[in-house]
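Given next are the chains, with one letter for each unit.
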Amino acid sequence: MPCELPNEELCIYGGTMGAENITVDAWNGTGWETVFHDLSSGWNNQTITDWLTTSNLTIRFKGGNETGDITQDQWQIDIALVHLWNNVVNYELDLEVQWTSADYTRTNEELCINTGTFSGSEDLQVKVRSDGSWIWIMNLTASQWNNVSITSYLTSSTLTVQFLGGTETSDTTQDSWNIDATLLHVWTNESNWLSGWDERVKMTIGHNDIDSDLTNFPILVHLSGSSGRDNEDTTFVFDEVGLNSKKIAVTQSDGTTQCYVEVEKWNSTSEQAWLWVKVPSISATANTDLYLYYDNSQPDNTAYIGEKGSTPGENVWNADFKGVWHLDEDPSGASPQMRDSTSNGHNGTSNGVMTSSDQIAGTIDGSLDLDGTDDYIQTTSNELKTLDNFTMSVWFKADSTTAPQHILWEGPASQNGWGDGSNPTSHEMHLTLCKFDANDTLNFFYGYEAPGGDWVPAVEINGSFSDTTNWNHAIVVVTGASTSPSAELFLNGVFFGSDTGSQTNRTAWDTALRIGRPGADQRYLDGKIDEVRIIGSAVSVEWVKACYESERDHLLDFHKEGISEGAFDYVTRINNTAAESRQIRLKSYSDSNLNRLGDCMIYFYNSTDAVSNQIVVEDGSYSQNVGPWFDLGAFETIYVVVVTNAGFSGTSRISVNLEILTPNTATYIQYILEFRFT
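Attention shifts here to the overall build of the protein chain. Counting secondary structure elements, the protein chain contains 3 helices and 45 strands. Here the C-alpha atoms of the protein chain give a radius of gyration of 42 Å, more than 25% beyond the 26 Å that 2.2 N^0.38 yields for 678 residues. By principal-axis analysis of the C-alpha atoms, the protein chain measures approximately 155 × 50 × 50 Å. Among the 678 residues that make up the protein chain, the fraction classed as buried is 49%. For the protein chain, the share of sequence-separated contacts (at least 6 apart) that also reach a separation of at least 24 residues comes to 73%. One way to put it: in the protein chain the 34 positive side-chain charges average out to a point 6 Å from where the 93 negative ones average out.

The next point concerns the sheet that holds strand 3 (residues 32-36). Taken in spatial order, the 3 strands of this open sheet run 3-2-5, and their pairing is antiparallel. Looking at which strands have only one partner, the edges of the open sheet turn out to be strand 3 and strand 5 (59-63). This sheet shows a mean twist of 40° between the axes of neighbouring strands, independent of strand direction. As judged from the 5 bridges shared by strand 2 (residues 22-27) and strand 5, these two strands associate in the antiparallel manner. Opposite V24, over in strand 5, you have F61 as the bridge partner.

A few words now on the nonpolar core. Core analysis: the largest hydrophobic core is formed by 51 residues, its most contacted members being I219, V221, L223, W266 and L275. Ranked by residues supplied to this core, first place goes to strand 18 (residues 272-282) with 7 residues. Discounting chain neighbours no more than four positions away, the residues touching L223 are T234, V237, F238, W266, E271, Q272, A273, L275, L292 and F558. Judged by nonpolar contacts, the second largest core, of 41 residues, contains A102, L111, V128 and I602.

With that settled, the discussion passes to unusual backbone geometry. That bond from S335 to P336 is cis: its omega, -5°, falls within 30 degrees of zero. Counting through the fold element by element, P336 comes out in the loop between strand 21 (321-325) and strand 22 (349-351). Of note in the backbone geometry, N216 takes a positive phi value of approximately 50° without being a glycine. The residue N216 is located in strand 15 (residues 214-223) in this model. In this structure, R523 is a non-glycine residue whose phi angle is positive, near 55°. Structurally, R523 is set in the loop between strand 34 (511-515) and strand 35 (526-535).

Mapped onto the fold, T342 is located in the loop between strand 21 and strand 22. Of note is the side chain of T342, whose polar atom sits 2.9 Å from the side chain of D340. Of note is the side chain of T342, whose polar atom sits 3.1 Å from the side chain of N344. Apart from residues lying up to four places away in sequence, T342 is in contact with E314, W317, F321, K322, G323 and V324.

Of all 11 residues making up helix 3 (residues 541-551), 8 are buried, and the element is well covered by its neighbours. Listed as buried for helix 3 are W543, V544, A546, C547, Y548, E549, S550 and E551. Within two residues after helix 3, D553 carries a phi angle of roughly 60°, on the positive side.

With that settled, the discussion passes to the packing of aromatic side chains. Under the criterion given, the structure shown has 18 aromatic pairs. Geometrically, the ring pair formed by Y13 and W43 is edge-to-face, given 5.2 Å between the ring centres and 70° between the ring planes. Pair noted here: Y13 is in strand 1 (residues 7-14) and W43 is in strand 4 (residues 42-47), with a separation of 30 residues, a long-range link. Seen from their ring centres, F604 and F630 are 5.5 Å apart, and the 45° between their planes marks the pair as tilted.

Its volume calculated, the second largest pocket comes out at about 350 Å³. Looking at the second largest pocket, it is lined by 17 residues, and the ones nearest its centre are W99, L184, Y668, I669 and Q670. Looking at the lining of the second largest pocket, the elements that each hand over two or more residues are strand 13 (176-187) and strand 45 (668-677). Looking at the lining of the second largest pocket residue by residue, the classes come out as 10 nonpolar, 6 polar and 1 charged.

Moving on, we come to the pairing of strand 33 (residues 494-500). In the case of a regular strand, side chains alternate between the two sheet surfaces. In this sheet, strand 33 lies alongside strand 32 (residues 486-491) in antiparallel orientation, the contact comprising 6 bridges. Counted as the bridge partner of F490 is F495 from strand 33.

To continue, consider a nonpolar patch on the surface. A cluster of nonpolar side chains, contributed by Y13, W43, I79 and L81, occupies part of the molecular surface with about 340 Å² of accessible area. For W43, a relative accessible area of 46% corresponds to the partly exposed category.

Considering the arrangement of structural elements, one finds N244 in the loop between helix 1 (236-241) and strand 16 (248-251). In the structure, N244 is positioned 173 residues away from G417 in sequence and 45 Å away in space, judged by C-alpha atoms. Engagement of the side chain of N244 in a polar contact is seen with the side chain of D300, the distance being 3.1 Å.

Rules of the game
Residues numbered from 1 in each chain as written. Predicted model: local features only at pLDDT ≥ 70, side-chain atom pairs only at ≥ 80, totals over all residues. Heavy atoms only, no water. Helix = DSSP H or I, 4+ residues; strand = E, 2+ residues; numbered from the N terminus. Rg over C-alpha atoms; globule rule 2.2 N^0.38 Å. Buried < 20%, exposed > 50% of the residue type's maximum accessible area, 1.4 Å probe, protein only. Contact = heavy atoms within 4.5 Å. Lys, Arg positive; Asp, Glu negative; His and termini not counted. Charge placed at Lys NZ, Arg CZ, Asp CG, Glu CD. Pairing = 2+ DSSP bridges. Axes fitted to C-alpha atoms, helices over the stretch in contact; angles between N-to-C directions. Core = buried A, V, L, I, M, F, W, Y, C linked by side-chain atoms within 4.5 Å. Polar contact = N/O pair within 3.5 Å; in protein donor to acceptor, adjacent residues only side chain to side chain. Phe/Tyr/Trp six-rings, centres within 6.5 Å; stacked < 30°, edge-to-face > 60°. 1 Å grid on protein atoms, 1.4 Å probe; cavity = no way out; pocket = protein on both sides within 12 Å on 5 of 7 lines; lining within 4 Å. Points joined across faces, edges and corners; volume = space filled by probe spheres on them. Nonpolar A, V, L, I, M, F, W, Y, C, P; charged D, E, K, R; others polar. Patch = residues over 30% accessible without salt bridge, like charges linked within 9 Å, V, L, I, M, F, W, Y side chains within 5 Å. Areas by Shrake-Rupley, 256 points an atom, 1.4 Å probe, with all protein chains shown as cover. Salt bridge = Lys/Arg side-chain N within 4 Å of Asp/Glu carboxyl O.

Honestly, it's all geometry; don't read function into it.
Spelled out as structure tokens, the structure:
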């Protein structure tokens, strides 16, 4: 032992002592000298500098009476030690922690250290070994998780980390740091899942329903108890997010690129919603997948989800859309009542004696019931006066087909639908039920009535129509309106008729688009009307078909992914992004206030039929605290599900290790999961 330090003591701890003295002697090199004349119970400390002159020290224990001693005594000696120290105290911490089988192939790699309380003011530094040197990465902060990326340092399966006190020279103040957990978190972002969102439903547009590739197409997503082509129940979305429509996101097929969404209606009471989603690309040769995410724990998604008039809502309708009226508002409200969903702001004003009862269920959310007497909507959209190519679309339900009734109209205020045969400037345009001389027809007209009762210069499409039972979808596509006009009329996605003409004079058009009547005070629509649109281009036949299928909710198939948290107290996802399968299990290692929990079950669930109970508490104590190994397949997602109840108020905690067994080895990675029950 060292013999050069200025402070040297012999320290002996005694227990119960006999009546006879017990002495302690030290060998001075030539004889014995007494250090303690009589040991007592407790600590007995004595300087031994005079005897500790070499690296060896010899002591002996001797009873006080050694001649004629006929009484047996006992002395209990617990410990004997030599305490050596310098007058200058130097407190140093240099602790190393090493991982020898770290997965260094991940794209994200973090060192995560959970700290407790610190005493003193000295920093606790954390360094990592890299290229033969110690590299500082952070100073720890007390009572929190301290996370730092180590991607640039974790280049092999071995990682060495050093904890080092900030003052290591002449450090005379003793500091302490409580470290609760030190772990290495490595992961690769799941390539097709929006980060942080727990639940989603896949929506598929089958390529057999798309005849040609479409771009920037607005599709209808109808959430209800009977959604899409297969009448799927999608009310689980409302079970999760309730009345907050901003707790959703819609992405393209990559699962991460978000689409803009306009919320036409969100009714959590009836569990129905009508959403318009701008899809950048829809393929005619392969299915197009979209993902609807829903998660009540997410902040409001105001960047991509919005109502009419909001920036994300208007972004659904690009500049080609000149006006979009869903017609789901109360016509008796403050004017203008009918909101235009585009950024053009061509809101419509209701006219006639329209009441709240005229707002009724339509083919898409709400619609208007026009009385055929004085009800109509006046918009401010006048783009049709100058556009060379354009498209008009509308859903309507006729109450009668025995008299002319204008569905959509634009032109001179003095005209009644077909113009003045003697005045070319009376040119007007309409989509109308019946002609002035023929019932049970559907008519599109662009031009004016020529002398003699015909309209040779005009575009005129007329065909048989007498349906007063069903909702019908009409689209008119006009090209060359300023030079050599031509038009096609489609009914319910099918070609209805076409015509060409020569009349191009629109100079007298002084009235913007009307819904439900012409310029003159007559020929009002007797029927229901919904979803009116004006597009500033001639859409394709393929667009017409897709529009009809989408707006009647017959374009999407829904496939639920993940599980709804509404049925459980807690759900989290575990994703295996590797091409190899894993085995996983949960193992409890600490808890508090377990007795509050009447029953608690933490288990794995894979959304099909595989369930594995992991941690089970019954009547306040564990009936199972280590789960069996569970197979996590390549690229598979499973869930950690918690169901529990408590007998009285307070907070309980169960901390578990998530153990992941590396394939073909006996080694495993551990992650800490903590569940708190309040």
